[in-house]
Amino acid sequence: MALGNGRRVVITGMGWVTPLGSDVDSVWTKLLAGQTGIGPISRYDARTFETNFAAEVKNFELFDFMDEASNRHARAGLSTQFALAAAAQAWQQSGLGDKTGGRAGAEAAGIDPDDVGIYLGAGEGSLDYDCFIRSNLAGYFAGDGREGDMVKFAEVAMERINAANEVEQEPNLTVAHLATAFGARGPSMNCMTACAASTQAVGEATEIIKRVDADVMLAGGAHSMIHLLGMTGFARLTAMSARRDDPMSASRPFDKTRDGFVMGEGAGIVVLESLESAQERGATPLAEIAGFGSSADAYRITDIDPEGMGAVKAMRRALEQAGINPVEPDEHGRAPVQYVSAHGTGTSENDGIETKAVKATFGPQASKVCFPSLKSMTGHLIQAAGAVELIACVKSIQTGFIPPTANLHNPDPECDLDHVPNEPRDLRDHGGVNVCLSNSFGFGGQNDTVCVTRVRE
């Protein structure tokens, strides 16, 4: 079933915070050059970990992006600060305002705050790890060997808990901070559908605008799991690369030597707006959200459907809503979609099944579709991944270039589509880039796809 139609929705602003930097244009240049943000972990001592590397955000200061008058956000968790910085960039590019310092954001832009909403796929906040572990250990050692001593646990926790830090661990706090910073009093939501979350957030924010429940939405995601608990969990699942001898090339989507994903962190936020609203403000639409598809595998919590049918449904629904037939060439004789931004984590299961799903979706056109993975350079930004990859799709439409899959030197025979290995693809003399799909598939079987296009006449 196709999703509703309603008003047309465009992107008027974009911002991100990534392991390659936070300026949209400079990071785009690095992506085209195949540069990596992956290296040894500096946030904690990871020498004894099987995976001692990740894609960390470096040299980040929130007030490089927001007025220091906004010091109410200074104690926000790290991923929330990423979201605030990305949103400030998007807000400014959209023409809604300069660095904002308070609730005047929407009103100062001449927009009713009730018509400005937020939809994020933001992960849990920064864990107060020291308090958590010390409290647990105190309760464990005071116990009888079979059960912990909860009284002792509570005593130590109460001694060590910082109230502000405790509150900032809640995943709803990111939305709350953004609402305060930008004066947004419209629909306000957060979803936690794992790695599909920020793509779902963009898609559902688009639907909110279409049904006239808001004129403007800040949408995207933010996450950081580069901490002891997050890294340990995925290491125990054997889902992460353990290529300690060569971490910079450890993320190898579609390569037969791949051994897992590389953890990343960051945020991606876009300003979505009805086309009418953008035109009335004199804003410049950067691209159009033409379709959104969502599905669930309903298969198994730790595995995706081996035939990729949930992914196929999400892609087909996004294309149906956009009015695009995936098996018919465009006016230039090319595939109807020039760029499918792969979820492409670098795990054996994900890459092979996603390739199978693209083949099932596009049929005879599949081999003509550019199908690279940005995670080869940024690592996996978990709940922020989809929004960051969507912004890359918009940059591809604007510039005519498609970024490469880095570290792809030994292609897996089962991943035999055009993964744009190691060098960017220049389509400027071949009709440019007009239509992109951005795929995100979450742990547990969530599948979300956004179709983004050049703004159509």
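Residues numbered from 1 in each chain as written. Predicted model: local features only at pLDDT ≥ 70, side-chain atom pairs only at ≥ 80, totals over all residues. Heavy atoms only, no water.

Novice: Explain the overall build of the protein residue by residue, including any values.
Specialist: The number of helices and strands found in the protein is 14 helices and 13 strands. For 457 residues, the compact-globule formula gives about 23 Å, and the C-alpha radius of gyration of the protein, at 22 Å, lands near that figure. Counting only C-alpha atoms and orienting by the principal axes, one finds that the protein spans roughly 70 × 55 × 40 Å. Here the protein holds 457 residues, and the buried ones make up 59% of them. Nonlocal contacts in the protein, meaning residues at least 24 apart in sequence, comprise 78% of its contacts between residues at least 6 apart. Only carbon and sulfur atoms are counted for the fraction: they give 50% of the accessible area of the protein, which is about 18,000 Å². The centroid of the 38 positive side-chain charges in the protein is displaced by 3 Å from the centroid of its 59 negative side-chain charges. (Helix = DSSP H or I, 4+ residues; strand = E, 2+ residues; numbered from the N terminus. Rg over C-alpha atoms; globule rule 2.2 N^0.38 Å. Buried < 20%, exposed > 50% of the residue type's maximum accessible area, 1.4 Å probe, protein only. Contact = heavy atoms within 4.5 Å. Areas by Shrake-Rupley, 256 points an atom, 1.4 Å probe, with all protein chains shown as cover. Lys, Arg positive; Asp, Glu negative; His and termini not counted. Charge placed at Lys NZ, Arg CZ, Asp CG, Glu CD.)

Novice: Pulling in residues and values, what's your account of the nonpolar core?
Specialist: The tendency in soluble globular proteins is for nonpolar side chains to be buried as a group. Grouped together as the largest cluster of nonpolar side chains are 49 residues, with contacts concentrated most on I11, L272 and V452. Of all the secondary-structure elements, those providing two or more residues to this core are β1 (9–17), α1 (24–32), α8 (197–210), β6 (216–224), β7 (265–274), β8 (287–296), α14 (385–399) and β13 (446–453). The biggest single contributor to this core is α14, with eight residues. Dropping the residues within four chain positions of it, I11 is found in contact with V270, V271, L272, T284, P285, L286, A287, I289, L390, V394 and V452. Membership of the second largest hydrophobic core comes to 34 residues, among which are F60, L96, L120 and A122. (Core = buried A, V, L, I, M, F, W, Y, C linked by side-chain atoms within 4.5 Å.)

Novice: I'd like to hear about the sheet that holds strand β5 (residues 188–190), residue by residue, with values.
Specialist: Strand order in the open sheet formed by nine strands is β5-β4-β6-β7-β1-β8-β13-β12-β9, with mixed pairing between adjacent strands. At either end of the open sheet lies a strand with only one pairing partner, and these are β5 and β9 (339–341). Averaged over all adjacent pairs, the angle separating strand axes in this sheet is 25°, with direction ignored. In the sheet, strand β4 (residues 116–122) pairs with β5 via three bridges, with the strands oriented parallel. Each bridged residue has a counterpart across the sheet, and for L120 the counterpart in β5 is N190. (Pairing = 2+ DSSP bridges. Axes fitted to C-alpha atoms, helices over the stretch in contact; angles between N-to-C directions.)

Novice: Mind laying out the environment of G379, listing which residues take part and the relevant values?
Specialist: Looking at the secondary structure, you find G379 in the loop between α13 (375–378) and α14. Separated by 116 residues in sequence, G379 and M263 have C-alpha atoms that sit 5.4 Å apart. Not counting chain neighbours up to four residues away, the residues in contact with G379 comprise I38, A55, V262 and G264.

Novice: Give a detailed account of the packing of aromatic side chains, specifying residues and quantitative values.
Specialist: For the coordinates displayed, the defined rule picks out seven aromatic pairs. Centre to centre, the rings of F60 and F82 are 5.1 Å apart; their planes meet at 80°, and the pair counts as edge-to-face. Placement of the pair is F60 in the loop between β3 (53–54) and α2 (78–93) and F82 in helix α2, with a sequence separation of 22 residues. This pair shows no difference in class: F60 is buried, exactly as F82 is. Relative to F141, the ring of Y140 has its centre 5.2 Å away and its plane inclined at 75°; by these criteria the two rings are edge-to-face. The two residues Y140 and F141 agree in class, both being exposed. Through a chain of ring-to-ring contacts, the aromatic side chains of F60, F65 and F82 assemble into a single cluster. (Phe/Tyr/Trp six-rings, centres within 6.5 Å; stacked < 30°, edge-to-face > 60°.)

Novice: Please provide a residue-by-residue account of the side chain of N407, values included.
Specialist: Residue position: N407 is located in the loop between β10 (401–402) and β11 (425–426). In this structure the side chain of N407 is engaged in a polar contact, spanning 2.9 Å, whose partner is the backbone oxygen of S251. Setting aside residues up to four positions removed in sequence, N407 forms contacts with M248, S249, S251, R252, D255, S376 and N422. (Polar contact = N/O pair within 3.5 Å; in protein donor to acceptor, adjacent residues only side chain to side chain.)

Novice: Run through unusual backbone geometry, naming residues and quoting values.
Specialist: For T238, which is not glycine, the phi torsion reads 55° and is therefore positive. As for its placement among the helices and strands, T238 is situated in the loop between α9 (228–236) and β7. The exposure class assigned to T238 is exposed, which follows from its relative accessible area of 64%. The backbone of A298 sits at a positive phi, close to 50°, despite the residue not being glycine. Judged by its relative accessible area of 76%, A298 falls in the exposed class.

Novice: So what about a nonpolar patch on the surface? Which residues, and what values?
Specialist: Taken together, the side chains of L137, Y140 and F141 present a nonpolar region at the surface, about 370 Å² in accessible area. Of note, L137 is situated in helix α4 (residues 129–141). (Patch = residues over 30% accessible without salt bridge, like charges linked within 9 Å, V, L, I, M, F, W, Y side chains within 5 Å. Salt bridge = Lys/Arg side-chain N within 4 Å of Asp/Glu carboxyl O.)

Novice: Account for the packing of α8 against α14, naming residues and giving values.
Specialist: Two elements in contact, α8 and α14, have axes separated by 5 Å at closest approach and are oriented at 65°. Residue-level contacts link S198, T199 and V202 of α8 to A385, G386, A387 and L390 of α14. For the contact of α8 with α14, the residue count by class is four nonpolar, three polar and no charged. (Nonpolar A, V, L, I, M, F, W, Y, C, P; charged D, E, K, R; others polar.)

Novice: Please set out the pattern of salt bridges residue by residue, giving values where relevant.
Specialist: For the coordinates displayed, the defined rule picks out 25 salt bridges. Taking the shortest distance from any N to any O, the salt bridge between R160 and D130 comes out at 3.5 Å. One end of the pair, R160, is in helix α5 (residues 150–160); the other, D130, is in helix α4, and 30 residues separate them in sequence. Its salt-bridge partner being K375, residue E389 comes within 2.7 Å of it at the nearest N-O pair. In this pair, E389 sits in helix α14 while K375 sits in helix α13, placing the two residues 14 residues apart along the sequence. Each of R8, E288 and R456 takes part in one network of salt bridges that share partners.

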